[in-house]
Amino acid sequence: MTASVKAQTTRAEFAERLLKGSVRKSYEPIVDIDWDAPLDPDKFYLPPKVVSLYGTELWESMSRAEQIELSRQELVNTLSAGIWFENILNQSLLRKMMHADPTAATTHYELTELGDETRHMVMFGKAIAKVGAKPVRPRLYQRIIINALPFAFRGSVLWVAALIGEEIFDSLQRQMMDDDELQPMVQRLMRIHVTEEARHIQFARDGLRKRRPEMSRAKRIWVGNLNGLGGPFFHHLFTNAVQYRRVGLDGRAARRIARRSPHRRQVQIAGFAPLASFLDEVGLMGPIARRMWLRSGFLPSGTLGTTGRVEDTGLDLAELAHIVVAQRGDTLRRDPDQDCASVVGVGCASHHSGVFEAPHLRGHRRLRAVVERGQIRDSRFSSVLDRGQ
């Protein structure tokens, strides 16, 4: 759908379309997953490349059975967090609907989303029980915060929080749900979740797009920087010491290793990329939020800002090229000179000029980046870059 068509679609019309989509494609996890099927003892619960310690010396020192067990505990940690987040979102939606028109299409879709999320909580809980592990429960002070958050998630903040809680997981699941090394039960769970969350993400994005022009400058600054809190939250979640202790590792030491892993950073960057692009698009990626996401390892060391210039002078061109090319599935070739990153049509950045195009993850936006004598510019702000290429 083009931007002009989106602009012409009212919130109610958008909700009606999502309601029809829910009728055509929805699941009942209790019956749509074969909970009686045995688990394969030689398959992972998360693809190896997504496990936090993958690519480290500690990972290589572990036996395959130990690696599978770590993937099991990391899955449980993620599903547990998913249950608590769905709980917060449902409470927030219910509070919102207390003040909404019960006959409106938007209210009807919010009720549909609430039903989806309730079934997801059941699905996650049954999956944790199926793999034979204990859920990772929040501590008392965390539960107090969780119960207070629905009071804060109102208006645009609600939709930003929904996207942070849903889209990072959604992006990662899309990358890994077809992995042959994954347990079939987990593959099915992810496919169900991705299908239904896609509508939730569209609804939240549409809400922000329509609210953004009406925001005051103060509110734009508030919402645009508040979302940065998601960085430290996911940084902690993905490297929760509990999951390491459960497999017999030193929790703190393993967490430090995972957080320093270049591979882990790239996984996080790929997972956050679609949401980062959207927040940039609607002007809700403030400088404080950008710094928080960057420090938490969810943005590359050099990021393209709305000015079209690299905001961090320490940009690693090779790292950016690797991330962008990985998103489009091309093969990355490295020159002998480690400062050069070559892709089709782009040579060493210090010697040549060139253009590479990369559809952003899930096709939200086409990123055109120009590598020219060690600089990167965003061609959305300059049509001149298309000439002579």
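Residues numbered from 1 in each chain as written. Predicted model: local features only at pLDDT ≥ 70, side-chain atom pairs only at ≥ 80, totals over all residues. Heavy atoms only, no water.

*Asks:* Before we go on, may I ask you to explain the overall build of the protein in this structure?
*Replies:* In terms of regular secondary structure, the protein is built from 16 helices and 5 strands. Looking at the protein residue by residue over its 389 residues, the buried ones come to 51%. In the structure as shown, the protein presents an accessible area of about 18900 Å², 54% of it carried by carbon and sulfur atoms. (Helix = DSSP H or I, 4+ residues; strand = E, 2+ residues; numbered from the N terminus. Buried < 20%, exposed > 50% of the residue type's maximum accessible area, 1.4 Å probe, protein only. Areas by Shrake-Rupley, 256 points an atom, 1.4 Å probe, with all protein chains shown as cover.)

*Asks:* Which parts of the structure should I look at to understand the pattern of salt bridges?
*Replies:* For the coordinates displayed, the defined rule picks out 12 salt bridges. For Asp206, the salt bridge identified is with Lys210, shortest N-O distance 2.5 Å. One end of the pair is Asp206 and the other is Lys210, both in helix H9 (residues 184-211) and 4 residues apart, which spans about a single turn. Judged by its relative accessible area of 5%, Asp206 is buried. For Arg209, the salt bridge identified is with Glu281, shortest N-O distance 3.3 Å. With Arg209 in helix H9 and Glu281 in helix H14 (residues 262-281), this pair connects stretches of sequence that are 72 residues apart. Judged by relative accessible area, which is 24%, Arg209 ranks as partly exposed. (Salt bridge = Lys/Arg side-chain N within 4 Å of Asp/Glu carboxyl O.)

*Asks:* So what exactly am I meant to see when it comes to the side chain of Thr56 here?
*Replies:* By the secondary structure assignment, Thr56 is in the loop between helix H3 (29-32) and helix H4 (57-61). Look at Thr56 and you get buried, because its relative accessible area is 9%. From its side chain, Thr56 meets the backbone nitrogen of Trp59 in a polar contact 3.2 Å long. (Polar contact = N/O pair within 3.5 Å; in protein donor to acceptor, adjacent residues only side chain to side chain.)

*Asks:* What is the right way to read the environment of Gln67 from this model?
*Replies:* Looking at where Gln67 falls in the secondary structure, it is placed in helix H5 (residues 64-97). Here the alpha-carbon distance between Gln67 and Val51, two residues 16 residues apart in the chain, equals 8.6 Å. With residues near it in sequence (within four places) discarded, Gln67 still touches Phe44, Trp59 and Met62. (Contact = heavy atoms within 4.5 Å.)

*Asks:* Would you mind going over the packing of helix H8 (residues 156-176) against helix H10 (residues 217-226) with me for this structure?
*Replies:* In the contact formed by H8 and H10, the axes pass within 10 Å of each other and the chain directions differ by 20°. One finds that H8 runs roughly parallel with respect to H10. By crossing handedness, the relation of H8 to H10 is classed as right-handed. On H10, the residues that touch Ser156, Val157 and Val160 of H8 are Lys219, Trp222, Val223 and Leu226. Tallied by class, the residues present in the contact of H8 with H10 amount to 5 nonpolar, 1 polar and 1 charged. (Axes fitted to C-alpha atoms, helices over the stretch in contact; angles between N-to-C directions. Parallel < 35°, antiparallel > 145°, perpendicular 65-115°, else oblique. Left-handed = near helix turned anticlockwise from the far one by under 90°. Nonpolar A, V, L, I, M, F, W, Y, C, P; charged D, E, K, R; others polar.)

*Asks:* Hey, could you run me through the packing of H5 against helix H7 (residues 140-152) in this one?
*Replies:* Between two packed helices, the angle of one axis relative to the other and the distance separating the axes together describe the packing. Across the interface, H5 lies against H7 with an axial gap of 8 Å and an inter-helix angle of 35°. Helix-helix and strand crossings are classified by hand; for H5 and H7 the assignment is right-handed. On the side of H5, the interface is formed by Trp84, Ile88, Gln91, Ser92 and Arg95, while H7 contributes Ile146, Asn147, Leu149, Pro150 and Phe151. A per-class count over the contact of H5 with H7 returns 6 nonpolar, 3 polar and 1 charged.

*Asks:* Before we go on, may I ask you to explain the packing of aromatic side chains in this structure?
*Replies:* Where two aromatic rings form a pair, the distance of their centres and the angle of their planes describe that pair. This model, assessed by the stated rule, comprises 13 aromatic pairs. For the pair Phe234 and Phe238, a centre-to-centre distance of 5.5 Å together with 40° between the ring planes defines the contact as tilted. Taken as a pair, Phe234 and Phe238 lie in helix H11 (residues 230-238) at a separation of 4 residues, close to a single helical turn. Judged by centre distance (4.0 Å) and plane angle (20°), the ring pair of Phe272 and Trp293 falls under stacked. (Phe/Tyr/Trp six-rings, centres within 6.5 Å; stacked < 30°, edge-to-face > 60°.)

*Asks:* Teacher, can you tell me more about the nonpolar core here?
*Replies:* The tendency in soluble globular proteins is for nonpolar side chains to be buried as a group. Formed by 48 residues in total, the largest nonpolar core has its most connected members in Ile168, Leu208, Phe234, Phe238, Phe272, Leu275 and Trp293. Breaking this core down by element, the ones donating at least two residues are helix H2 (11-24), H5, helix H6 (105-130), H8, H9, H11, H14 and helix H15 (287-295). At 11 residues, H8 tops the list of elements feeding residues into this core. Not counting the four nearest positions on each side in its chain, Ile168 is found in contact with Leu163, Phe234, Phe238, Gly271, Phe272, Leu275 and Trp293. Counting 37 residues, the second-largest nonpolar core is a separate cluster that includes Tyr45, Met123, Val131 and Met176. (Core = buried A, V, L, I, M, F, W, Y, C linked by side-chain atoms within 4.5 Å.)

*Asks:* Just to check I follow, could you spell out the environment of Pro184 for this structure?
*Replies:* Tracing the sequence through the fold places Pro184 in helix H9. Pro184 gets classed as partly exposed once you look at its relative accessible area, which sits at 48%. Along the chain, Pro184 and Leu39 lie 145 residues apart, while their C-alpha atoms are 8.0 Å from each other.

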